[in-house]
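Read off the chains here:
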Amino acid sequence: EEIVRLQALEEKILSERGPDDERLQGIYERLDELDPNTFETRAAELLYGLGFEKKMMAKATKDMSGGWRMRVSLARALF
C-alpha cells in the first residue's frame, strides 16, 4: 500500500539525511491527501470551488440537472 511505502521512505530519509531533507515535505503532503479523516473536508472544498452550496452538496446526484451532474463527475476526477 502507498501509505506503508511512504512511511518507510520517510523513515529512511530521516535516518540517512535528517529532518531537513526537502523530500519529506512532499511525503507529508501525500500522506495528508491519503488520510481518510480529511476526505469529507477536501471534498466539500472541491465542490464549493465548483459552485456547490452546502444545500446542493447534500442533494442526491440523481436529483440534479445535467450540468450539476457534470460538475459532480469533474469533482470525482479531481479528487
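In what follows, the structure referred to is the one given above.
A brief structural summary. In this text, all values refer to a predicted model and were calculated from it rather than measured experimentally. (Residues numbered from 1 in each chain as written. Predicted model: local features only at pLDDT ≥ 70, side-chain atom pairs only at ≥ 80, totals over all residues. Heavy atoms only, no water.)

### Focus on the overall build of the chain
Under the convention used in this document: In this description a helix means any DSSP run of H or I spanning at least four residues, a strand means any run of E spanning at least two, and both kinds are numbered starting from the N terminus. The globule rule is 2.2 Å times the number of residues to the power 0.38, and the radius of gyration it is compared with is taken over C-alpha atoms. We call a residue buried when its accessible area falls under 20% of the maximum for its residue type, exposed when it is over 50%, and partly exposed in between, using a 1.4 Å probe and counting protein chains only. It only takes one pair of heavy atoms within 4.5 Å for two residues to be counted as in contact. Only the protein chains shown count as cover for residues, and the accessible areas themselves come from Shrake-Rupley with a 1.4 Å probe. By the counting scheme adopted, Arg and Lys are positive, Glu and Asp are negative, and His together with the chain ends is not counted. In plain terms, the charge of a residue is placed at NZ if it is Lys, CZ if Arg, CG if Asp and CD if Glu.
Counting secondary structure elements, the chain contains five helices and zero strands. For the chain, the α and β elements follow one another from N to C terminus as α-α-α-α-α. Expected size for 79 residues packed as a compact globule is a radius of gyration near 12 Å; at 18 Å, the chain overshoots this value by more than 25%. For the chain, the spread of C-alpha atoms along the principal axes amounts to about 55 × 20 × 20 Å. Residue burial in the chain is summarised as follows: out of 79 residues, 19% are buried. Residue pairs at least 24 apart in sequence account for 32% of intrachain contacts in the chain once pairs closer than 6 positions are excluded. Total accessible area on the chain is roughly 6400 Å²; 52% of this is exposed by carbon and sulfur atoms. Put simply, the chain has 13 plus and 16 minus side-chain charges, and the middle of one group is 12 Å from the middle of the other.

### Examining the pattern of salt bridges
For clarity, the threshold we go by: Only one rule defines a salt bridge in this text: a Lys or Arg side-chain nitrogen within 4 Å of an Asp or Glu carboxyl oxygen.
The final tally for this structure, using the stated rule, is four salt bridges. Note that E2 is salt-bridged to R30, the shortest N-O span being 3.0 Å. Of the two residues, E2 sits in helix α1 (residues 2-16) while R30 sits in helix α2 (residues 23-34), which places them 28 residues apart along the sequence. Overall, E2 belongs to the partly exposed group, its relative accessible area being 31%. A residue is classified by how much of its surface remains accessible, and R30, at 31% relative accessible area, is partly exposed. A network of salt bridges, in which partner residues are shared, links E2, R5, R30 and E33.

### Some thoughts on the packing of α1 against α2
Applied cut-off: Helix axes are fitted to C-alpha atoms over the stretch in contact, other axes to C-alpha atoms as well, and angles between N-to-C directions run from 0 to 180 degrees. Angle categories are assigned with fixed cut-offs, so that under 35 degrees is roughly parallel, over 145 is roughly antiparallel, 65 to 115 is roughly perpendicular, and the rest are oblique. By the definition used in this description, the sense in which the near helix is turned from the far one sets the handedness, with an anticlockwise turn below a right angle giving left-handed and a clockwise turn giving right-handed. Following the grouping adopted for this structure description, the nonpolar residues are Ala, Val, Leu, Ile, Met, Phe, Trp, Tyr, Cys and Pro, the charged ones are Asp, Glu, Lys and Arg, and the polar ones are all others, Gly among them.
It is the contact of α1 with α2, at a shortest axis distance of 10 Å, that shows an interaxial angle of 155 degrees. Overall, the two elements α1 and α2 adopt an arrangement that is roughly antiparallel. The two elements α1 and α2 meet at a crossing, and its hand is left-handed. Together, E2, I3, L6, Q7, L9, E10, I13 and L14 of α1 and R23, L24, I27, Y28, R30, L31 and L34 of α2 make up the contact between the two elements. Of the residues belonging to the contact of α1 with α2, the class tally is 10 nonpolar, one polar and four charged.

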